[in-house]
Amino acid sequence: MAFGLAAASDAASLGLSANQQHRLAAGEVVVLDTLPPGATKSAGGGTAVALVRAAPERVWPVLVDYRGHPRYYPRVVSAEVVEADSQHALVRYEVGVGPLSFGFHMVKYPDPVRRRIEWHLDASRPNNFFRENTGYWQVDPAEGGSLVTYAIAVRTILPGFVTLGAERDSLVDTIQRLRKLVEN
């Protein structure tokens, strides 16, 4: 509990209520209605915050190992780095939804000093199922580990009522899978 309480002060800067800070300290993944910067109002998604019992130096390399993303992103079946330099990476993802699969291209902008990765769809490439996919990861030090923030905004070719809530569910699932990966 001390781990969570010490990190809860960092969470206060995210605008978390006292109840949300308590839930965070208790080990929950707290989901907020806040979309990442640049998201359209018609996108689904939000922001998830969690305490992870692993140092930022352990979490960061997992996040920038783009080929390893299928290990913790739900429905991602493959990730291929198409091009990369110190400023960005272009990653082609394949996601599976039931018997179907869809490819799309993301431009990732890692900032190792701030331990932040921002991304958006590469509009110059085919993105099949997705019309919008923006977001970020932020990893901050916290006593006993890291405070991890994951935000997404997604729009697909499907009507909003078909995917309603799926993005928010994936926020929690993704962080829980990341936790299992870095805490072991």
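Our structure's up above, just so we're on the same page.
Per-chain numbering applies: the sequence of each chain, read as written, is numbered from 1 onward. In view of the model being predicted, local features appear only for residues whose pLDDT reaches at least 70, and side-chain atom pairs are presented and counted only at 80 or more, with totals across whole chains, interfaces and linings using the full set of residues. The side-chain numbers reported here are obtained from all heavy atoms of the structure, hydrogens and water having been left aside.

A word on the overall build of the protein
At step 1: Runs of E in the DSSP output that reach at least two residues are strands. Runs of H or I that reach at least four are helices, and both are numbered from the N terminus. Counting its regular elements, the protein contains five helices and eight strands.
At step 2: Reading the protein from its N end, one meets helices and strands in the order α-α-β-β-α-β-β-β-β-β-β-α-α.
At step 3: Taking the contacts inside the protein whose residues are at least 6 apart along the sequence as the reference set, 51% of them involve residues at least 24 apart.
At step 4: Surface accessibility of the protein: about 9,000 Å² in total, with carbon and sulfur atoms responsible for 53%. Contacts are assigned to residue pairs with any non-hydrogen atoms lying within 4.5 Å of each other. Methods summary: accessible areas were calculated by the Shrake-Rupley approach with a probe of 1.4 Å, and residue burial reflects only the protein chains presented.

Regarding the sheet that holds strand 7 (residues 130-142)
Backbone-to-backbone hydrogen bonds join strands into a sheet, with any given pair of strands oriented parallel or antiparallel.
At step 1: Taken together, the eight strands give an open sheet; going across it, the order is 1-2-8-7-6-5-4-3, and neighbouring strands pair in antiparallel fashion. The open sheet is flanked by strand 1 (30-32) and strand 3 (76-84), the only strands paired with a single partner. Averaged over all pairs of adjacent strands, the angle between their axes in this sheet comes to 20 degrees, without regard to strand direction.
At step 2: For two strands to be treated as a pair, DSSP must find no fewer than two bridges joining them. Note that strand 7 and strand 8 (residues 145-156) share twelve bridges and pair antiparallel. Residue pairing across strands places W137 opposite Y150, the latter belonging to strand 8.
At step 3: On the sheet, helix 3 (residues 56-63) packs against strand 2 (44-52), strand 5 (100-111), strand 6 (116-121), strand 7 and strand 8 and is oriented at approximately 160 degrees with respect to strand 7. Under this scheme, a helix contributes an axis fitted over its contacting stretch, all axes are lines through C-alpha atoms, and angles between N-to-C directions fall in the 0 to 180 degree range.

Some words on the pattern of salt bridges
At step 1: By definition here, a salt bridge exists when the distance from a side-chain nitrogen of Lys or Arg to a carboxyl oxygen of Asp or Glu is within 4 Å. The final tally for this structure, using the stated rule, is eleven salt bridges.
At step 2: The closest approach of N and O atoms between D65 and R71, which form a salt bridge, is 3.3 Å.
At step 3: Burial status follows relative accessibility: with a 1.4 Å probe on protein chains alone, a residue under 20% of its type maximum counts as buried, one over 50% as exposed, and anything between as partly exposed. On the basis of relative accessibility, which here comes to 44%, the residue R71 falls in the partly exposed class.
At step 4: For E118, the salt bridge goes to R114, with nearest N and O atoms at 3.7 Å.
At step 5: For E118, a relative accessible area of 35% translates into the label partly exposed.
At step 6: R114 gets classed as partly exposed once you look at its relative accessible area, which sits at 45%.
At step 7: Within the structure, one salt-bridge network assembled from shared partners comprises D111, R114, R116 and E118.

Quick word on the nonpolar core
At step 1: Core analysis: the largest hydrophobic core is formed by 37 residues, its most contacted members being V59, L63, Y93, W119, W137, Y150 and L178.
At step 2: For our purposes a nonpolar core is just a set of buried Ala, Val, Leu, Ile, Met, Phe, Trp, Tyr and Cys residues, chained together by side-chain atoms within 4.5 Å. Residues L24, V30, L51 and A142 belong to the second largest nonpolar core, which totals eight residues.

Structural notes on the pairing of strand 4 (residues 89-97)
At step 1: Note that strand 3 and strand 4 share seven bridges and pair antiparallel. Its bridge partner being in strand 4, A79 is matched across the sheet by Y93.
At step 2: Linking two consecutive strands that pair antiparallel, namely strand 3 and strand 4, is a turn of four residues.
At step 3: Pairing between strand 4 and strand 5: nine bridges, direction antiparallel. Each bridged residue has a counterpart across the sheet, and for A89 the counterpart in strand 5 is K108.
At step 4: Connecting strand 4 to the antiparallel partner strand 5 that follows it, the hairpin turn spans two residues, and G98 within it adopts a positive phi of roughly 60 degrees.

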